[in-house]
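Structural overview for review
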Amino acid sequence: MSSPSKRREMDLMKLMMSDYKVEMINDGMQEFYVHFHGPSDSPYHGGVWKIRVELPDAYPYKSPSIGFINKMYHPNVDEMSGSVCLDVINQTWSPMFDLVNVFEVFLPQLLLYPNPSDPLNGEAAALMMRDRAAYEQKVKEYCQRYAKPEDVGAEPEEKSSDEEMSEDEYDSSDDAVAGPVDP
């Protein structure tokens, strides 16, 4: 097994052993969902998001692709696609970082300290700069509407039947025990 694939496996296992719920997509270790809770000292507190993570073949030398599946109101998150504008992931990634860093440090920091001067969501950035209280109220409304624990239990579109496989895949090794998913 090559070094990047060993590292990918080790980082994924470390994430699974932490307090995060991880749901595998397909049979490989390159795509998965992670349930992420909003930081307690923020207007995102109480919200739960399903984050799609894709690890490139060159991981850890190339950064993971991170995106919110359920809606998030934030200046640095595209409301429609869920794409994240985060320098440490998009530009300054280092192999010293791992997946646990993404969920314990980078994403909480993004939610605690939004950067409205580099927005993906211009409306959220403008509201945050113009009226912080109204911005925080809208964040809380989005949390109540789109980020309840039951909102991460059901995938809105493509892979709803993969969730049955997640328990089997969690306990299995690289060779998948689950067969093809019925349509």
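Just so it is clear, the structure is predicted and the values come from calculations on it, not from any experiment.

Our next topic: the UniProt feature "active site" (unreviewed entry) in the chain. When the UniProt feature table is mapped to this numbering, "active site" (unreviewed entry) covers C85. Within the element layout of this structure, C85 appears in the loop between β4 (65-68) and α2 (87-90). When sequence neighbours within four positions are dropped, the list of residues in contact with C85 reads N76, N90, L110, D118 and L120.

Okay, the nonpolar core next. Within the largest apolar cluster, 43 residues are counted, with the highest numbers of intra-cluster contacts made by L15, F32, W49, I51, V53, F103 and L107. Among the elements that take part in this core, helix α3 (residues 99-112) stands out by supplying eight residues, more than any other. Sequence-distant contacts of V53, that is, excluding residues within four places in its chain, are made with Q30, E31, F32, V34, P64, S65, I66, L99 and F103.

A word on the pattern of salt bridges. All told, the structure shown has eight salt bridges when counted by the stated rule. Two residues, R7 and D11, come together in a salt bridge whose shortest N-O distance is 2.8 Å. With R7 and D11 both in helix α1 (residues 3-17) and four residues apart, this pair spans about one turn of that helix. For the pair formed by R7 and D11, the shared burial category is buried. Put simply, E123 and K138 hold a salt bridge, and the shortest N to O gap is 2.9 Å. A residue pair is termed long-range when its members are at least 10 positions apart, and E123 in helix α4 (residues 122-130) and K138 in helix α5 (residues 132-146) qualify at 15 residues.

Moving on: unusual backbone geometry. For the bond running from Y59 to P60, omega is 15 degrees, close enough to zero to count as cis. Inspection of the secondary structure assignment puts P60 in the loop between β3 (48-54) and β4.

To continue, consider the sheet that holds β4. Strands sit in the order β1-β2-β3-β4 across an open sheet of four strands; the sheet is antiparallel. A strand with exactly one partner marks an edge of an open sheet, and here the two such strands are β1 (22-24) and β4. Ignoring which end each strand starts from, the neighbouring axes of this sheet average 25 degrees apart. In this structure, β3 lies alongside β4, joined through four bridges in antiparallel fashion. Looking across to β4, one finds that I51 is bridged to F68. Along the sheet, α1 makes contact with β1 and β2 (31-37), crossing β1 at roughly 135 degrees. Against the sheet, α3 engages β2, β3 and β4, with an angle of about 50 degrees to β2.

What follows covers α5. Taking 1.5 Å per residue, 15 residues should reach 21 Å; α5 reaches 21 Å between its end C-alpha atoms and fits that length. On its buried side, α5 packs onto β3 and α4.

For any two helices packed against each other, one specifies the crossing angle of their axes together with the interaxial distance. Relative orientation of the contacting elements α4 and α5 amounts to 135 degrees, with a least axis distance of 5 Å. Judged by the angle between their axes, α4 and α5 are oblique. On α5, the residues touching E123, A124, L127, M128 and R130 of α4 are R132, A134, Y135 and K138. Among the residues making up the contact of α4 with α5, the classes are represented as five nonpolar, no polar and four charged.

So, how was this worked out
- Residues numbered from 1 in each chain as written.
- Predicted model: local features only at pLDDT ≥ 70, side-chain atom pairs only at ≥ 80, totals over all residues.
- Heavy atoms only, no water.
- UniProt positions renumbered as here; feature names shortened; annotations may be inferred.
- Helix = DSSP H or I, 4+ residues; strand = E, 2+ residues; numbered from the N terminus.
- Contact = heavy atoms within 4.5 Å.
- Core = buried A, V, L, I, M, F, W, Y, C linked by side-chain atoms within 4.5 Å.
- Buried < 20%, exposed > 50% of the residue type's maximum accessible area, 1.4 Å probe, protein only.
- Salt bridge = Lys/Arg side-chain N within 4 Å of Asp/Glu carboxyl O.
- Pairing = 2+ DSSP bridges.
- Axes fitted to C-alpha atoms, helices over the stretch in contact; angles between N-to-C directions.
- Expected span 1.5 Å × (residues − 1).
- Parallel < 35°, antiparallel > 145°, perpendicular 65-115°, else oblique.
- Nonpolar A, V, L, I, M, F, W, Y, C, P; charged D, E, K, R; others polar.

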